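# Architecture and fold: a report
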Amino acid sequence: MLTGTTISGEEPRRGTGSPVAEAVEPDGETGERPAPAPQFSAQFASSPRGARLARRLAVRRMEHWGYPPESDVSCAVALVVGELAANAARHGRVPGRDFGLRLGLDGAAGLVRIEVADAASGKRPPAAPPPSCPEGESGRGLLLVDVLAVRWGCAPRHPVGKTVWAEVPTDASTGLLGT
């Protein structure tokens, strides 16, 4: 269930140190500020249904930003959001607490930054994806994230919880599904 939505320009965002959220300095020559990087954030119920809704809204936001649902970029973002949101609902669930999704498009860097925040600070993902077990029923999700993202990691969230983030390239020249 969607419990709240914030789109770029609606509210000031507290700094987290992420490249997408950093303040933009005025241009030295004209004194004008460049347009802010497109951003999207929302809160979802920590449930499988919430994870599905997060993935669907991420695809819609990518379409709004010019990446159709069938594009490699949108598909990669959908897979990463789906995995991180499912992990937040399954492993990061704290009763009565939602998880948050934040997307940021950095056109200059050619990246979409995905952040999924949950309230479980003690349950951090491994630093590297676990080796895959072909017979296992789970454990391949972080392998997908590792393949589709140029970088990913986890950071503590204050006052409680953690944020798992990933940066997905917006074109094949930076490695996305390219051969």
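Conventions used here
- Residues numbered from 1 in each chain as written.
- Predicted model: local features only at pLDDT ≥ 70, side-chain atom pairs only at ≥ 80, totals over all residues.
- Heavy atoms only, no water.
- Helix = DSSP H or I, 4+ residues; strand = E, 2+ residues; numbered from the N terminus.
- Buried < 20%, exposed > 50% of the residue type's maximum accessible area, 1.4 Å probe, protein only.
- Areas by Shrake-Rupley, 256 points an atom, 1.4 Å probe, with all protein chains shown as cover.
- Salt bridge = Lys/Arg side-chain N within 4 Å of Asp/Glu carboxyl O.
- Arc of directions from axis to C-beta.
- Contact = heavy atoms within 4.5 Å.
- Expected span 1.5 Å × (residues − 1).
- Core = buried A, V, L, I, M, F, W, Y, C linked by side-chain atoms within 4.5 Å.
- pLDDT = per-residue confidence, 0-100.

### Some thoughts on the overall build of the protein chain
Tallying secondary structure elements over the protein chain gives three helices and six strands in all. Among the 179 residues that make up the protein chain, the fraction classed as buried is 39%. Carbon together with sulfur atoms contributes 53% to the accessible area of the protein chain, which is approximately 10200 Å² in total.

### Notes on unusual backbone geometry
For the bond from histidine 158 to proline 159, the omega torsion is 10°, close enough to zero to count as cis. Relative to the elements of secondary structure, proline 159 occurs in the loop between strand 5 (151–156) and strand 6 (162–169).

### Section: the pattern of salt bridges
When the charged atoms of two side chains with opposite charge come close together, those side chains can pair. Under the counting rule described, the total for this entry stands at five salt bridges. Note that aspartate 118 and lysine 162 form a salt bridge whose closest N and O atoms lie 2.7 Å from each other. With aspartate 118 in strand 4 (residues 111–118) and lysine 162 in strand 6, the pair connects residues that are 44 residues apart, well separated along the chain. No difference in accessibility class separates aspartate 118 from lysine 162, as the two residues are buried. In this structure, arginine 151 and glutamate 167 form a salt bridge, with 2.6 Å as the shortest nitrogen-oxygen distance. Of this pair, arginine 151 sits in strand 5 while glutamate 167 sits in strand 6, placing them 16 residues apart in sequence.

### A few points about helix 3 (residues 141–148)
Buried residues of helix 3: Gly141, Leu142, Val145 and Leu148, and no others. In an axial view of helix 3, the angular spread of the buried residues amounts to 130°, which keeps them on one side of the axis. Its buried side turned inward, helix 3 meets helix 2 (72–90), strand 5 and strand 6.

### A look at helix 1 (residues 48–64)
For helix 1, with 17 residues, the first-to-last C-alpha span of 25 Å sits near the 24 Å given by 1.5 Å per residue. Of all the positions in helix 1, only Gly50, Ala51, Ala54, Leu57, Ala58, Val59, Arg61 and Met62 are classed as buried. In the segment just after helix 1, glycine 66 is the residue with positive phi, at about 100°.

### Re the nonpolar core
Formed by 34 residues in total, the largest nonpolar core has its most connected members in Val77, Val80, Val81, Leu84, Leu101, Leu103 and Ile114. Sorting the residues of this core by element identifies strand 2 (39–44), helix 1, helix 2, strand 3 (99–106), strand 4, helix 3, strand 5 and strand 6 as the ones contributing at least two each. Considering each element in turn, this core owes the most residues, eight residues, to helix 2. With near-sequence residues (within four places) excluded, valine 80 lies in contact with Ile114, Val145, Leu148, Ala166 and Val168.

### Looking at the confidence of the model for the protein chain
With 66% of its residues at a pLDDT of 70 or more, the protein chain has an overall mean of 78. In this model, residues 5–27 is a region of pLDDT below 50 whose contacts with residues beyond four sequence positions or in other chains number 40 contacts. Throughout residues 173–179 the model reports pLDDT below 50, and contacts reaching past four residues in sequence, or to other chains, amount to 11 contacts.

### Description of the environment of leucine 103
Within the fold, leucine 103 resides in strand 3. Judged by its relative accessible area of 0%, leucine 103 is buried. Placed 11 residues apart in sequence, leucine 103 and isoleucine 114 show a C-alpha to C-alpha distance of 4.8 Å. Those residues in contact with leucine 103 that sit more than four places away from it in its chain are Pro38, Gln39, Phe40, Ala58, Arg61, Trp65, Val81, Arg113 and Ile114.

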